[in-house]
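Here is how the chains run, residue by residue.
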Amino acid sequence: MSTAAEATRSAARPVSRGHWLRRSPLGRALVKLPFWLLIALIFIYALFPFYWAVRSAITPDAQLFTTPIHYWPSHPTLSNFREALSTSFFRKALLNSTIVAGSVTLVSLAIGSVAAYALGRFRFRGRSAVMYLMLSMTIFPQIAILGALYTMISDFHLYDRLGALILTYLIFTLPFTIWVLTSFMRALPGDLEEAAYVDGATPLQVFYKVLLPLIAPGLVTTGLLAFIAAWNEYLYAVSFIQTPGRYTVPIAITSFTARGGNAFQVPWGQIMAATVIVTLPLIAATLILQRRILAGLTAGAVKG
Amino acid sequence: MSSVATPAPAPRRRRRRTKLQRRQTRIGWLLLIPSLAVVAFVAIYPLGKTVYQSFTNQEFLAGITPTEWVGLDNYRTLWHDTIFRDAVVQTIKFTVITVSFEFVLGLIIALVVNSSFKGRGLMRAVMLVPWAIPTVVAAKMWQWMLDDVYGVVNDLGVRLHILSHSHAWISDPATSLGAVCAVDIWKTTPFVALLLLAGLQVIPGDVYEAASVDGASKWQQFWRITLPLLRPAILVTLIFRTLDALRVFDVFAVFFGNRPDTQTMAIYDQSTIVGDGHVGYGAAISVAIFLIIAVFVVIYVTFMRVTEE
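Rules behind the numbers
- Residues numbered from 1 in each chain as written.
- Chains lettered and ligands numbered in written order.
- Predicted model: local features only at pLDDT ≥ 70, side-chain atom pairs only at ≥ 80, totals over all residues.
- Helix = DSSP H or I, 4+ residues; strand = E, 2+ residues; numbered from the N terminus.
- Rg over C-alpha atoms; globule rule 2.2 N^0.38 Å.
- Buried ≥ 20, exposed ≤ 12 C-beta atoms within 10 Å, placed from the backbone.
- Contact = placed C-beta atoms within 7 Å.
- Nonpolar A, V, L, I, M, F, W, Y, C, P; charged D, E, K, R; others polar.
- Expected span 1.5 Å × (residues − 1).

Participant: Explain the overall build of chain B to me, and be specific about the residues and the numbers.
Facilitator: Counting secondary structure elements, chain B contains 12 helices and 0 strands. In chain B, the succession of helices and strands from N to C terminus is α-α-α-α-α-α-α-α-α-α-α-α. A globule of 309 residues ought to have a C-alpha radius of gyration of about 19 Å, yet chain B, at 26 Å, is considerably larger. Overall, the C-alpha framework of chain B stretches about 85 × 70 × 35 Å when taken along its three principal axes. The buried share among the 309 residues of chain B stands at 39%. Counting only contacts in chain B whose residues sit at least 6 apart along the sequence, the fraction spanning at least 24 positions is 67%.

In structure tokens form, the structure reads like this:
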């Protein structure tokens, strides 16, 4: 009986291949199986390196450097974290990177939001030219001006100082901030400012009393993206900084060397502990703000 | 602004509007001054300075040799510089490999995640994780995973009988490029997938409904509907990824330092300027990199125009 029904149905709708499978729960699960396998595969692919970093960070050295490999340590330890955090250049690097990324983010947001106000809420000649300039700056290759910046920084006596990084990181954070915040500004309804203008407010008052509170979510997202970009930068950091006390996190991560014991063995346990320490805050912030980050990234990229 | 427009004599209204326009122009530019000043100072001036330096023999430690105008000498040397030529080839290989893998894998992931299922939000969050971590950190993680003695990749490979014995992935010239590409692909594919996913979600669902009513198979729907409608998102993603890949520095620096056989354009330039202090010659390399990247931009933009017509 069921086969007859099946036959008529498949005659009526030619797209019903695999219908008999979807009848039973087991059959449905079977159809879905490749799909879930694929999902699991993507999941493992994205997360396995993190698992491995955590696993290596809590494995004592005696187990870390033996074969066959242990996939989970039998005696997990926090000694690698203690060692990493007791390394003075790494501790300083956490502070330095926070200072650099924090300052760059604040400066970008402060002057970038004003520029976004102009580009998003005013009509004037040259506006689209400025937009194009900012867009082309977001794909500007930083390597192309390394030499000029290198000589400029030494002329200004900024070599080997965090100020050099705060200044140069604006190259990639500021245009990006302006571009994304402008799209936030434009998305606000058109007659928003008029009431305030009628009440006699100046454009600046309109900006920080009316518009800025409304784009606060945009400021958080853009700020986080700028912070991450500055926190992760390596090329300028490794070119302009020399003293271990002024390292940023990416330089510090590459600078761990063995102390005592086997001088030739790279201290992978400590490096992985450091890796976990510097990525956890970023991952936490990303997961908390993931929806907004996606919105910001796609505003920055897809609408371009 | 339209709500303010009340019936008024035409000439007066026009004058008022131009006055308003002038006011808007003045305030607009005033608000832009700080940002434009910063961009001019940290990007446009240095770019001009780089071009100028590329025609000189400037050294970082001035006083050893006085800086002189040398015309096209740097460019002539660069033309015959085999290290640079190798670096260009290496960079382009890296770009082609990573961008094509990231695009194909990213598209597959985007299509999978685009179908509704339980845990889709979690999946998207997980995909952001590799993007958020510093490239240098990702490179370190993989360097350890690819370790020739204690690395998990070798261990898994041997256990699963894919490899007969442990392999030195990073130091063996035959596999070193593949090893770097693996890091970049791991870090960036999820991000590419997210960009494409954003493009997929803009495609209205009723297009697919109409197609399946007309009897189009899933496969046909993919080639006839999804791909054409996704084209703008695809092109923008490819442009961003290509430009990023062409200036790759971090992964190569962590894996190889400036090992001569594995240099990229950016590595060679950085080591010429900062390592050797040859600012003039490095500037010429910078200009060359800039031009190579510009060529790619022009190709993409014309391709975009052509396909839009």
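Participant: Can you tell me about the overall build of chain A, naming the residues and giving the values?
Facilitator: Helix and strand counts for chain A come out as 16 helices and 0 strands. Across the 304 residues that make up chain A, the buried fraction comes to 41%. Once local pairs closer than 6 in sequence are excluded, the contacts in chain A between residues at least 24 apart make up 72%.

Participant: Please set out the interface of chain A and chain B residue by residue, giving values where relevant.
Facilitator: Across the boundary between the two partners, chain A contributes 80 residues, which contact 73 residues of chain B. In the side of chain A that touches chain B, the residues fall into 60 nonpolar, 15 polar and 5 charged.

Participant: I'd like a description of unusual backbone geometry, backed by residues and values.
Facilitator: The backbone of His157(A) shows a phi angle near 55°, a positive value even though the residue is not glycine. Examined against the element boundaries, His157(A) turns out to sit in the loop between helix 8 (146–155) and helix 9 (162–187). For His157(A), a count of 10 C-beta atoms within 10 Å puts it in the exposed group. With a phi close to 60°, His161(B) is a non-glycine residue in the positive phi region. Counting through the fold element by element, His161(B) comes out in the loop between helix 6 (152–159) and helix 7 (173–200).

Participant: Could you give me a rundown of helix 9 (residues 218–246) of chain B, with the residues and numbers involved?
Facilitator: For helix 9 of chain B, built from 29 residues, the straight-helix expectation of 42 Å at 1.5 Å per residue is missed by more than 12%, its first-to-last C-alpha distance being only 36 Å. Inspection of helix 9 of chain B places Thr226(B), Leu230(B), Ala233(B), Val236(B), Thr237(B), Ile239(B), Phe240(B), Arg241(B), Ala245(B) and Leu246(B) among the buried residues, and these make up the whole buried set.

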